[in-house]
Amino acid sequence: MDHHQEEESNREKQDDEKEALARLEEIKKSIEAKMALRQNNLNPERPDSAYLRTLDSSIKRNTAVIKKLKQINEEQREGLMDDLRSVNLSKFVSEAVTAICEAKLKSSDIQAAVQICSLLHQRYKEFSPSLTQGLLKVFLPGKSAEDVDADRNSKAMKKRSTLKLLLELYYVGVIEDSNIFISIIKDLTSAEHMKDRDTTQTNLTLLAGFARQGRVFLGLPISGQDEDFFKGLGVTAEQKKNFKKTFNTYYDALAELLQSEHKSLQQMEKENAKLVNAKGELSEDSASSYEKLRKSYDHLYRNISSLAEALDMQPPIMPEDGTTRLTAGDEASSPGAVKDTSVPEPVWDDEETKTFYECLPDLRAFVPAVLLGEVEPAKTKNKSSESSSEVVESQQTAEDTTEFPADSGNMADVSITEQPKEKDDVDKEKAKGAKKEKGKEKDSDKKLENEKEKGKSLDVANFERLLQRLPGCVSRDLIDQLTVEYCYLNSKTNRKKLVKALFNVPRTSLELLAYYSRMIATLATCMKDIPSTLVQMLEEEFNYLVHKKDQMNIESKIRNIRFIGELCKFKIVPSGLVFSCLKACLDDFTHHNIDVACNLLETCGRFLYRSPETTLRMTNMLDILMRLKNVKNLDPRQSTLVENAYYLCKPPERSARISKVRPPLHQYIRKLLFSDLDKDSITNVLKQLRKLPWSECEQYILKCFMKVHKGKYGQIHLIASLTSGLSRHHEEFAVAIVDEVLEEIRVGLELNEYGAQQKRLAHMRFLGELYNYEHVDSSVIFETLYLTLSYGHGTSEQEVLDPPEDFFRVRMVIILLETCGHYFDRGSSKKRLDQFLVHFQRYTLSKGHLPLDIEFDLQDLFANLRPNMTRYTTIDEINAAILQLEEREHASTADKVSVERHSDTKRPGMFLNGKSNEKNIGENGEAPKEESDSDSGSGSAVRDGQNEELDDGNHERGSDSDDGDDYEDGVGPGSDDDNEFRVRQKVVTVDPEEQADFDQELKALLQESIEQRKLELRGRPALNMTIPMSVFEGSGKDHHHFGRVTGDNGEEVVDEENGEPREVQVKVLVKRGNKQQTKQMLIPSDCSLVQSTKQKEAADLEEKQDIKRLVLEYNERDEEEANGLGTQASNWIPGGSRGNTRSTGEGSGKGGGSRHRFVYHQGGGGSYYSRRK
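Residues numbered from 1 in each chain as written. Predicted model: local features only at pLDDT ≥ 70, side-chain atom pairs only at ≥ 80, totals over all residues. Heavy atoms only, no water.

Colleague: Whenever I open this one, the packing of aromatic side chains confuses me. Can you help?
Modeller: To describe a pair of aromatic rings, you give the distance between the ring centres and the angle between the ring planes. One pass over the structure, following the stated rule, counts 21 aromatic pairs. Ring centres 6.3 Å apart and planes at 55 degrees place the aromatic pair Tyr771 and Tyr823 in the tilted group. Taken as a pair, Tyr771 in helix 33 (residues 757-772) and Tyr823 in the loop between helix 36 (808-820) and helix 37 (827-846) lie far apart in primary sequence, 52 residues in all. A relative accessible area of 0% means that Tyr771 is categorised as buried. Judged by its relative accessible area of 2%, Tyr823 falls in the buried class. Linked through ring pairs, Tyr170, Tyr171, Phe181, Phe210, Phe243 and Phe247 together constitute an aromatic cluster. Against the face of Tyr713 rests Arg765, its NZ or CZ located 5.0 Å from the ring centre. (Phe/Tyr/Trp six-rings, centres within 6.5 Å; stacked < 30°, edge-to-face > 60°. Helix = DSSP H or I, 4+ residues; strand = E, 2+ residues; numbered from the N terminus. Buried < 20%, exposed > 50% of the residue type's maximum accessible area, 1.4 Å probe, protein only. Lys NZ or Arg CZ within 6 Å of the ring centre and 35° of its normal.)

Colleague: How do you make sense of unusual backbone geometry when you look at a structure like this?
Modeller: Trans is the common state for peptide bonds, and a negative phi is the common state for residues other than glycine. Of note in this structure, Lys571 is not a glycine but carries a positive phi near 65 degrees. Along the chain, Lys571 falls in the loop between helix 23 (554-569) and helix 24 (575-587). When its relative accessible area of 68% is taken as the criterion, Lys571 is described as exposed. For Glu774, which is not a glycine, the phi torsion comes out positive at approximately 65 degrees. Its location among the elements puts Glu774 in the loop between helix 33 and helix 34 (778-790). When its relative accessible area of 5% is taken as the criterion, Glu774 is described as buried.

Colleague: Honestly, the pattern of salt bridges in this entry has me stumped. Any pointers?
Modeller: Side-chain pairs of opposite charge can arise whenever the charged atoms involved come near each other. One pass over the structure, following the stated rule, counts 31 salt bridges. For Asp83, the salt bridge goes to Lys68, with nearest N and O atoms at 2.9 Å. Highlighted residues: Asp83 in helix 4 (residues 77-86) and Lys68 in helix 3 (residues 59-69), separated in sequence by 15 residues. In this structure Asp83 comes out as buried when scored by relative accessible area, which is 13%. (Salt bridge = Lys/Arg side-chain N within 4 Å of Asp/Glu carboxyl O.)

Colleague: What is the right way to read the side chain of Arg760 from this model?
Modeller: In this structure, Arg760 sits in helix 33. The buried charged residue Arg760 lacks any salt bridge partner; its closest oppositely charged side chain belongs to Asp806, at an N-O distance of 6.0 Å. Within the structure, Arg760 has its side chain in polar contact with the side chain of Asn752 (distance 3.2 Å). (Lys, Arg positive; Asp, Glu negative; His and termini not counted. Polar contact = N/O pair within 3.5 Å; in protein donor to acceptor, adjacent residues only side chain to side chain.)

Colleague: I would appreciate a short explanation of the confidence of the model for the protein in the present structure.
Modeller: Detail in the predicted coordinates should be disregarded across regions flagged by low pLDDT. A residue-level look at the protein finds 71% of positions with pLDDT of 70 or above and a mean pLDDT of 75. Confidence over residues 321-343 falls short of pLDDT 50; this stretch has 49 contacts with residues more than four positions distant or in other chains. (pLDDT = per-residue confidence, 0-100. Contact = heavy atoms within 4.5 Å.)

Colleague: Teacher, can you tell me more about a nonpolar patch on the surface here?
Modeller: Among the surface-exposed residues, Leu21, Leu24 and Ile27 lie close enough to one another that they form a single nonpolar patch of about 290 Å² accessible area. Turning to its location among the elements, Ile27 is positioned in helix 1 (residues 2-42). (Patch = residues over 30% accessible without salt bridge, like charges linked within 9 Å, V, L, I, M, F, W, Y side chains within 5 Å. Areas by Shrake-Rupley, 256 points an atom, 1.4 Å probe, with all protein chains shown as cover.)

Colleague: Before we go on, may I ask you to explain the packing of helix 36 against helix 37 in this structure?
Modeller: Relative placement of two packed helices is described by the angle separating their axes and the distance separating the axes. Put simply, helix 36 and helix 37 touch, their axes get as near as 11 Å, and they point 155 degrees apart. Taken together, the axes of helix 36 and helix 37 lie roughly antiparallel to each other. Every pair of crossing elements has a handedness; the one defined by helix 36 and helix 37 is left-handed. Every residue of helix 37 that contacts helix 36 at Arg809, Val810, Val813, Ile814 and Leu817 is listed here: Leu833, Phe836, Leu837, Phe840, Tyr843 and Thr844. Counted by class, the contact of helix 36 with helix 37 contains 9 nonpolar, 1 polar and 1 charged residues. (Axes fitted to C-alpha atoms, helices over the stretch in contact; angles between N-to-C directions. Parallel < 35°, antiparallel > 145°, perpendicular 65-115°, else oblique. Left-handed = near helix turned anticlockwise from the far one by under 90°. Nonpolar A, V, L, I, M, F, W, Y, C, P; charged D, E, K, R; others polar.)

Colleague: Sorry, what's going on with empty space enclosed by the protein here?
Modeller: Counted under the stated rule, the structure contains 10 cavities of 30 Å³ or more. The calculated volume of the second largest cavity comes to roughly 90 Å³. Around the second largest cavity sit Leu673, Phe674, Leu677, Lys707, Val708, Gly711, Lys712, Gln715, Ile716 and Ile719, which together line it. When residues of the lining of the second largest cavity are traced back to their parent elements, those giving at least two are helix 28 (664-676) and helix 31 (716-727). A class-by-class count of the residues in the lining of the second largest cavity yields 6 nonpolar, 2 polar and 2 charged. (1 Å grid on protein atoms, 1.4 Å probe; cavity = no way out; pocket = protein on both sides within 12 Å on 5 of 7 lines; lining within 4 Å. Points joined across faces, edges and corners; volume = space filled by probe spheres on them.)

Colleague: When you look at the state of the cysteines in this model, what are you seeing that I'm missing?
Modeller: Chemically, a disulfide is nothing more than a covalent bond linking the sulfur atoms of two cysteines. For the coordinates displayed, the defined rule picks out 0 disulfides. Free of any disulfide, Cys117 has its nearest cysteine sulfur in Cys101, 8.4 Å distant. Sulfur of Cys487: no disulfide; nearest cysteine sulfur belongs to Cys526 and is 6.9 Å away. (Disulfide = S-S within 2.5 Å.)

Colleague: Just checking my understanding: could you explain helix 3 for this structure?
Modeller: Residues spaced three or four apart along an α-helix face the same direction, because each turn holds 3.6 residues. Of all the residues in helix 3, the buried ones are Asn62, Val65, Ile66 and Leu69. For helix 3, the angular spread of buried residues about the axis comes to 100 degrees, placing them on one side. Residues Lys60 and Lys67 are exposed on helix 3 and point more than 90 degrees away from its buried face. Next to the buried residues of helix 3 lie helix 4, helix 5 (93-102) and helix 6 (110-123). (Arc of directions from axis to C-beta.)

Colleague: Explanation requested: the environment of Tyr754 in the structure shown.
Modeller: Looking at the element boundaries, Tyr754 is found in the loop between helix 32 (731-751) and helix 33. Residues Tyr754 and Phe808, 54 residues apart in the sequence, show an inter-C-alpha distance of 9.5 Å.

Printed below as a string of structure tokens:
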């Protein structure tokens, strides 16, 4: 394959070289012919009068020939020269000169006119002077009486062709005086003509043409083979100096004229800007005068640039770009509003886009030139080759015909009589050969026709397949490959079919337009008719759709305008056409025209705005667009379209973002937390964080931990795990984290900003993960949940903080409960979650109809946490359920208070009886559950200075055994009660001997306490008389007689029964003689004696409870310390390796209701592990 490609490339190179050599040969021949013609004209061999008399001198014939001189062209050149050779024009030279001067010559007819004038010059002596005078009359209209032509364009064309003819006649020697050109140039560069702008424009084109064609007069370098020819013309150095001086002077004057024109244009722009700001629009006169001045300026600038290019000079540079705006605002005239042209913005956003629109494949490198339509040199080459072959064939036939008589001449020596017979035989053989040749030619012609028909049918089929592949070209490589393949099927018919196929792109396949435009731009380098035809069709379609004003087929309109925009980016469609389309839409800025204008700006608006040639005009169009948007009452969709199109073309100016410079240590911390942290690297991250200088980095690490919303949502639990790992060494860090999270949640509720929703959700998830790692207890979670539902309600800011259509708080609650709600599955936490979910249902029902995503999340939440819970559907049902719940809560609270009071009055008697209270103390030293639970369901936090180590939300250890743990449970079977007590420190197996010693000491302590109480009771009476012991001993028998309660002082309280008033039974001690007796007595309960006695009993009871709680806490604390030391000692494994490993594992989660993490540590001297629950 590569070898074949190399052969093709070599063949193409050889063909190109042959073509180049052929062109050089043709140029050389033309120069030689021109030099020969010049020699003939400089030294003409004119015929004498006798020869001329032999020619046709009739008036009729001469008149007919002179008429033909008025229509000189290349096709009639040979016939006209034959006619001129056959007639005598001695008496009609002036008429012939007039006819030539009046002839309308084109550029392609100049050489034919030169040939004819050379023939007449070589025959008639007076022809050349007369022709020179006649041609000069075209440039000197003031001296001519025949200057009646009013058409400026035709006069300009006449001058242009005449000047070219004069130069060519001078080059071939018909005109020998070069001073005539000096007079012509001086007339064209006259200062009087500069007053008339149209005349100046015409003269500029003539001078530019003279400078390109007559470089020898200006002393400009001449390249190629023409150099030798022009050296022989004999133009003196003085003449060159005069020509160059005249041109330079005129060019300087033109530069000044251009500067003044530019200033006047800027002045008119400023005036138009003031009018637009004052009146809103320009008058027709102002707009037309401005448009006229702008066109004149553009035309003048182009002509001066063309003249400068012909003179090998730099074109004049204006202070601003030559392209100006139709109208402008005050902001455009201010220096801050105009773009800084010294630092232009790049036209393309990236290199890939730039490559797509600018780097087109060179078809000449892939396809032979013959297939690209560049067939003109090939045709001439074929013609010359055909003529040469015909000459060779004629010569060969002549040789063949001469061979036969030669042979017959040789045979004449043998027999002269046989010559006639041989001649007849030769004639017969010739006739037969001719017939055979004709038959062969016919057969070959038929074969060629058949082959052509087959080739045509194959080409048609291949082209149809190519068109079918066209919609599938959705990449740059595919469309480039298809373009190259098309070039091998190039023909005029196929070009028309291709244009039609490209034009009829499906109106919904807008993504194909860019690739179709690239194909057109690639083919435009060799086939000029394809882009011109397509652009004309698109322009006609746009005008039809705009003028139709039909509010149908919006897709067709968008396809048309986007196609125009894509072709504009390839510079196939001129920018003027795009601006005219945009202006047509802005003039009627309604309905579909808004969509069309916005699609045009989205396609090529940015390209035109950033292109230096069109930036100012595009800025003006964008200002008009925004002004129309503000004036028109557009619907939201159209308003958004206009704003998007405007800011896509002209993005708002913003100051460059200043990147924050952080110290290396902070950068390293951010790298660890936001880049390196994952499930596998958490151990290493924790290790690196512990190695940091904590006093310097604590605040920044805290700040980074609080930015959990900037990391991955799925890694929030890793941040919580790091918090847990760091809290073992820096306890204050975990406390600070919890405080910051709770504060951020509250601030989010206070502000309720839409932009902070992601941050608020992340913080709720973070709080739930902190509960999972036991840095907060359940009371904090429930307080946060209730705060989320109730904050801001009942205040004047309720509509701002929690509007009815805002469901974000529902999502916050769902996130928190999804994170840690599955741990609230037993005990008081389960009861509190059930109560909260009832209130949560009332909150969601108060919001009205929930969005589908919120409703689905709620269904998943209830299915995971409480699948059997009733889902209420109306406000009345939920209100009734809440009232019933509150009634049950009040009833249970009253029962609990009565039970507590009953138990408090009963327990001192137990001590008095000397019975041990060991059964009320758990196996591991736990206090009674009724008194130690801080999670009572009332929603309050830790009561009365209770130890913060108690986490009432933690679940019992009994579930740990289900997970396969090796630790003993510290809670008995009664752990399912509502009130539970759990110790944060892990419980380990206690030595039986130590346990026996502890029990013995505890019994001794209790016995000592009982003895002391007995002594206190004996020494208690402080009356004058001695209270008999029967009073104390018998008082315990009546403790519960008919609902009466008797105190230590002998009082009995009779409860209210059946609505009767309460009375208190007391015993009065009386003395009769030496005997002491008691007498029972009922006194009202509102008596001051009863009230004071009750207050005293309550104070004594409270004091007892405080003392008992302090003693128990002290015992528990000692036990926890002893257990901690025992755990560390029993789990210490000696080892010599140095490293750090940490892994996390979760318990059964939702099933068992336990939450714990295993944290393994290994140090230099050994390793230990602990279990947090």
